[in-house]
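Listed here are the chains, written in short residue letters.
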2 protein chains.
Amino acid sequence: MDRVDIKRLAEKLNLSTSTVSRAFRGNSDINPETKARILSMAKEFNYQPNHYASNLREKKSKTIAIIVPELANNFFSQAIHGIERVARDKGYHTLIYVTDDEYQKEVAFIDKLYNGRVDGIIMSASGEANDHQYLNRLGNKHIPLVFFDRVYDDINVPKVTTDDYESSFAATRHLIEVGCKKIAFLVVNKSLSIGNVRMQGYHDALKDAGIPYNTHLVIDCSNDYDENFDILSKALNEQHPDGILASVERLAISSYYVCHNLGIRIPDDIKIVSFSSLEIASLLNPALSTITQPAFDLGTNAAELLFRALESDAPVNDHLVLSSKLIPRTSSTGVKTHIGGKG
Amino acid sequence: MDRVDIKRLAEKLNLSTSTVSRAFRGNSDINPETKARILSMAKEFNYQPNHYASNLREKKSKTIAIIVPELANNFFSQAIHGIERVARDKGYHTLIYVTDDEYQKEVAFIDKLYNGRVDGIIMSASGEANDHQYLNRLGNKHIPLVFFDRVYDDINVPKVTTDDYESSFAATRHLIEVGCKKIAFLVVNKSLSIGNVRMQGYHDALKDAGIPYNTHLVIDCSNDYDENFDILSKALNEQHPDGILASVERLAISSYYVCHNLGIRIPDDIKIVSFSSLEIASLLNPALSTITQPAFDLGTNAAELLFRALESDAPVNDHLVLSSKLIPRTSSTGVKTHIGGKG
DNA sequence: TTGTATGCGTTATCAA
DNA sequence: TTGATAACGCATACAA
């Protein structure tokens, strides 16, 4: 009752191991009757082929890895959900690795995955946007890699992103249209792919509207809530912006806390728009205007690209760009939208 | 440059494969110099021992599985984060499986894991609270299992939960203290472990206060947002409760939407308290009173129990109970709390 | 300290 | 249609 393997089954059935093995593989020729006998016995003893032995033999792990900067984050948990859904449908297992936004951990994870541990990798990058030739070694090992959202531009692999530049441009223009003259841009790291592109959209929208670009209004934040609270308090006190474009959700949250704390009224004194996957943005006080990325779809698309690469010999190198949605709410419009519908 | 294995390294170094193998294992005797030579050559060729071959040989996968009902949920993503953190520190890999709250998927995942795919499993259950003897087969295979939050009472394995009964009791009493006379209890499935226990706390607190228990005030909801919107709209219209205790976060969110939609004012017309891991509960409109579970800690504790079981021969059977925190906010107190601090 | 030989559980090739 | 055998890459018992 302890360990059941193909050998034990074979003994019990007076068959060879090869015949038993055949019962579990779709293709090979085998007498339907003996196959049935084997399967029923397998069921009785709750036999499952040893995954590691199969992998070693077949050099396929039926496993993919997801590497993300963080987990407790609406965007990533939705994206992972999408990936997991596709992987499961394909009969694949999903390993998950969290870098805590530390580039070295990303490198360490990748290094460990060189050994055939996984058939493919889906990653949202933690490092800056350049110089990652080490990743090309994955290609040498024939382990496909797909990026989503946060990408390395110098790596030539399939990518799924959103129209960050356009969204950022549109959000900035929206803030200008509702009367903002001094719009701050909150960013975690300008060298990151998304930080960079989103800032460009902000920059160009200002230029387009004839508003001078002021570097003091680009606020460099961190990933730490406490630090951001201080950074933003200082920035709001010194610069007195009348609009905020937050390049990631967490910075909008911090802005809310800081404004509540300093008695700055949203949207009367300052209007806020943020990139955010928060499903309950409309329930915030005030309802937060968002640029909402299709996180789940990003995940499913990334997974599908990976499986295309896995299933075909031809190299897949698509760069898919999905559209985000700008949803103006009270925090920028001042209009108390009726929260109708079902959420 | 393609495939590097222990044999290739051995050839290049004029050594035997066993010597090369030894260089990567901590214990075995080996000349420090040759070890250094091997390691440097390994680094140059970017060699990583084949995980599947090692596993097959050692019958240890250095991998654990997490099975959860859903992913895009603050509670579970925080808990998973905790588990992943501990696993990574121990040098373990983490597989993730999402059941979408479907019991059959849970069974299917477990079945697949019988084959030695993982060394241990951490699970939050999707099924009802009884009759899961099939899980005991895992024990026969010496694959330890640890439950967190949603448990099966009839399975004798380590568990980590929160003080749900006490929290529910305290939250109900809180609602009574702020003047509620007709408190509705929102639950997804009374047969689930947590639904059951939380309802008991609610029930007993009413009894304790001399308020008659009314089955019409126990609202059976689903996992679907649209359905819940209809169920709750109907319930609020027919029963006119003046208080709500939501047993899971999602039901509080739906309640907010329904109240906004029906023009029911929170907290003037109805007061709300909810089990919730939402970090920005204080930014909602109105700020939501919560029973906040230590989700991350639940994860780390569950992982630590699993590793204890993995590392010792003695069976581990602890049931750890962590404390949740009742945080009254505007939605139940009516007091517009100053959102100070840093969030 | 190093090398030889064997087996982990599976599947593929070949022969029967 | 079935069986014997070798090999996947690694780690250990044992011999040298």
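Just above, that's the structure.
Below or above, wherever it landed, is the structure these notes cover. (Residues numbered from 1 in each chain as written. Chains lettered and ligands numbered in written order. Predicted model: local features only at pLDDT ≥ 70, side-chain atom pairs only at ≥ 80, totals over all residues. Heavy atoms only, no water.)

Brief notes about the overall build of chain A
In terms of helices and strands, chain A carries 13 helices and 12 strands. With 343 residues in all, chain A has 55% of them scored as buried. Pairs at least 24 apart in sequence give 71% of the contacts found in chain A among residues at least 6 apart. A total accessible area of about 14600 Å² is found for chain A, and carbon and sulfur atoms account for 48% of it. Between the centroid of the 38 positive side chains of chain A and the centroid of its 43 negative side chains there is a distance of 7 Å. (Helix = DSSP H or I, 4+ residues; strand = E, 2+ residues; numbered from the N terminus. Buried < 20%, exposed > 50% of the residue type's maximum accessible area, 1.4 Å probe, protein only. Contact = heavy atoms within 4.5 Å. Areas by Shrake-Rupley, 256 points an atom, 1.4 Å probe, with all protein chains shown as cover. Lys, Arg positive; Asp, Glu negative; His and termini not counted. Charge placed at Lys NZ, Arg CZ, Asp CG, Glu CD.)

So, the state of the cysteines
One pass over the full model with this rule turns up 0 disulfides over all chains. Free of any disulfide, Cys221 of chain A has its nearest cysteine sulfur in Cys259 of chain A, 13 Å distant. Overall, the relative accessible area of 7% leaves Cys221 of chain A in the buried class. Not engaged in a disulfide, the cysteine Cys180 of chain B finds its nearest cysteine sulfur in Cys259 of chain B; these two sulfurs lie 12 Å apart. (Disulfide = S-S within 2.5 Å.)

Examining the sheet that holds strand S10 (residues 289–292) of chain B
Residues and elements named next belong to chain B. Overall, mixed pairing links the 6 strands, which are arranged S7-S6-S8-S9-S10-S12 in an open sheet. What marks the edges here is a single partner per strand, and that holds for strand S7 (218–220) and strand S12 (325–327). For this sheet the average axis-to-axis angle between neighbouring strands, irrespective of direction, equals 15°. In the sheet, strand S6 (residues 183–187) pairs with S7 via 3 bridges, with the strands oriented parallel. Looking at the pairing, Leu186 lines up with Ile219 of S7. In the packing of helix H8 (residues 164–177) onto the sheet, the strands contacted are S6, strand S8 (243–246), strand S9 (271–275), S10 and S12, and the crossing angle to S9 comes to about 170°. On the sheet, helix H10 (residues 225–239) packs against S6, S7 and S8 and is oriented at approximately 155° with respect to S7. (Pairing = 2+ DSSP bridges. Axes fitted to C-alpha atoms, helices over the stretch in contact; angles between N-to-C directions.)

Digging into unusual backbone geometry
Cis geometry is found at the peptide bond from Ile266 of chain A to Pro267 of chain A, where omega equals 5°. Positive phi values are uncommon outside glycine, yet Asn14 of chain A reaches one of about 55°. Examined against the element boundaries, Asn14 of chain A turns out to sit in the loop between helix H1 (6–13) and helix H2 (17–24). Backbone geometry at Lys59 of chain B places phi at a positive 55°, although glycine is not the residue there. Within the fold, Lys59 of chain B resides in the loop between helix H4 (51–58) and strand S1 (63–68).

Quick look at helix H3 (residues 32–44) of chain A
Residue and element names in this part refer to chain A. With 13 residues, H3 extends 18 Å between its outermost C-alpha atoms, agreeing within 8% with the 18 Å of an ideal straight helix rising 1.5 Å per residue. When we look at burial in H3, the residues that qualify are Thr34, Ile38, Met41 and Ala42. Each buried residue of H3 lies within a common arc of 105° when the element is viewed along its axis, so the set occupies one face. The exposed residues of H3 that point more than 90 degrees off its buried face are Pro32, Glu33, Lys43 and Glu44. On its buried side, H3 packs onto H1 and H2. (Expected span 1.5 Å × (residues − 1). Arc of directions from axis to C-beta.)

Focus on the pattern of salt bridges
Residues and elements named next belong to chain A. Tallying each qualifying case throughout the model produces 31 salt bridges over all chains. Linking Arg150 and Asp101 is a salt bridge whose minimum nitrogen-to-oxygen distance equals 3.7 Å. Taken together, the residues Arg150 in the loop between strand S4 (145–148) and strand S5 (159–162) and Asp101 in the loop between strand S2 (93–98) and helix H6 (103–113) connect sequence positions 49 residues apart. Overall, the relative accessible area of 9% leaves Arg150 in the buried class. (Salt bridge = Lys/Arg side-chain N within 4 Å of Asp/Glu carboxyl O.)

Notes on the packing of helix H8 (residues 164–177) of chain A against helix H9 (residues 193–208) of chain A
Residues and elements named next belong to chain A. As a packed pair, H8 and H9 sit with axes 7 Å apart at the nearest point and diverge in direction by 40°. When the interaxial angle is binned, H8 and H9 end up oblique. Once H8 is placed against H9, the crossing between them reads as right-handed. For the pair formed by H8 and H9, the contact residues are Asp164, Tyr165, Ser168, Phe169, Thr172, Arg173 and Ile176 on the first element and Ile194, Val197, Arg198, Gln200, Gly201, Tyr202, Asp204, Ala205, Leu206 and Asp208 on the second. When the residues that make up the contact of H8 with H9 are grouped by side-chain class, the tally is 8 nonpolar, 4 polar and 5 charged. (Parallel < 35°, antiparallel > 145°, perpendicular 65-115°, else oblique. Left-handed = near helix turned anticlockwise from the far one by under 90°. Nonpolar A, V, L, I, M, F, W, Y, C, P; charged D, E, K, R; others polar.)

Observations concerning the protein's contact with DNA strand C
By nearness alone, 25 residues border DNA strand C, and Tyr47 and Arg57 of chain A together with Ser18, Thr19 and Arg57 of chain B come closest of all. What you see for DNA strand C is that sugar and phosphate hold 62% of its atoms within 4 Å of the protein. One of the backbone N or O atoms of Ser16 of chain B is found 3.0 Å from a phosphate oxygen in DNA strand C. Between Ser18 of chain B and DNA strand C, the recorded distance is 3.1 Å, taken from a side-chain N or O atom to a base oxygen. Elements supplying a minimum of two residues to the surface near DNA strand C: H2 and helix H4 (51–58) of chain A together with helix H2 (17–24) and H4 of chain B. Sorting elements by how many residues they give to the surface near DNA strand C places H4 of chain A first, with 4 residues. (Near = heavy atom within 4 Å. Polar contact = N/O pair within 3.5 Å; in protein donor to acceptor, adjacent residues only side chain to side chain.)

Let's talk about the protein's contact with DNA strand D
Near DNA strand D lie 25 residues; those nearest to it are Thr19 and Lys59 of chain A together with Ile6, Tyr47 and Arg57 of chain B. For DNA strand D, the backbone portion of the atoms within 4 Å of the protein, that is sugar and phosphate, comes to 61%. Within the contact set of DNA strand D, a phosphate oxygen lies 2.9 Å away from a backbone nitrogen or oxygen of Asn31 of chain A. One nitrogen or oxygen atom from the side chain of Arg57 of chain A is found 3.2 Å from a base nitrogen belonging to DNA strand D. Every element with two or more residues in the surface near DNA strand D is listed here: H2 and H4 of chain A together with H2 and H4 of chain B. Looking at the surface near DNA strand D element by element, the count peaks at 4 residues for H4 of chain B. Here the surface near DNA strand D is built from residues that sort into 7 nonpolar, 10 polar and 8 charged.

Points about the relation of the copies chain B and chain A
Taken as rigid bodies, chain B and chain A are interconverted by a rotation of 180° and an axial shift of 0.0 Å, the fit giving an RMSD of 0.1 Å. Accordingly, the operation relating the two chain copies is best matched by a two-fold axis. Both copies share a contact surface, since 100% of the interface residues of chain B are interface residues in chain A too. (Least-squares fit on C-alpha atoms with pLDDT ≥ 70 in both.)

Remarks on the interface of chain B and chain A
In this complex, chain B contributes 66 residues to the contact, which on the side of chain A involves 66 residues. Buried surface at the junction of chain B and chain A, both sides included, amounts to about 6400 Å², of which 57% is carbon and sulfur. Taken together, the links from chain B to chain A amount to 4 salt bridges. The salt bridge involving Arg88 of chain A is made with Asp100 of chain B; its shortest N-O contact spans 3.1 Å. Where chain B packs against chain A, one counts 22 residue pairs in polar contact (both at pLDDT 80 or more). Looking at the side of chain B that touches chain A, the elements that each hand over two or more residues are H4, helix H5 (74–89), strand S2 (93–98), helix H6 (103–113), helix H7 (136–140), H10 and helix H11 (249–262) of chain B. (Buried area = accessible area lost by both parts, 1.4 Å probe.)

Some thoughts on the packing of aromatic side chains
Under the counting rule described, the total for this entry stands at 21 aromatic pairs over all chains. Aromatic side chains Phe75 of chain B and Phe148 of chain B sit 6.5 Å apart centroid to centroid with 35° between the ring planes, which places their arrangement in the tilted category. Separated by 73 residues along the polypeptide, Phe75 of chain B in helix H5 and Phe148 of chain B in strand S4 (residues 145–148) bring together distant segments of the chain. We note that Phe75 of chain B, like Phe148 of chain B, is buried. Plain terms: the ring middles of Phe147 of chain B and Tyr152 of chain B are 5.4 Å apart, the flat faces sit at 75° to each other, and that makes the pair edge-to-face. Per residue, the accessibility class of Phe147 of chain B equals that of Tyr152 of chain B, and both read buried. It is Arg198 of chain A that lies over the ring of Phe275 of chain A; its NZ or CZ is 3.8 Å from the centre. (Phe/Tyr/Trp six-rings, centres within 6.5 Å; stacked < 30°, edge-to-face > 60°. Lys NZ or Arg CZ within 6 Å of the ring centre and 35° of its normal.)

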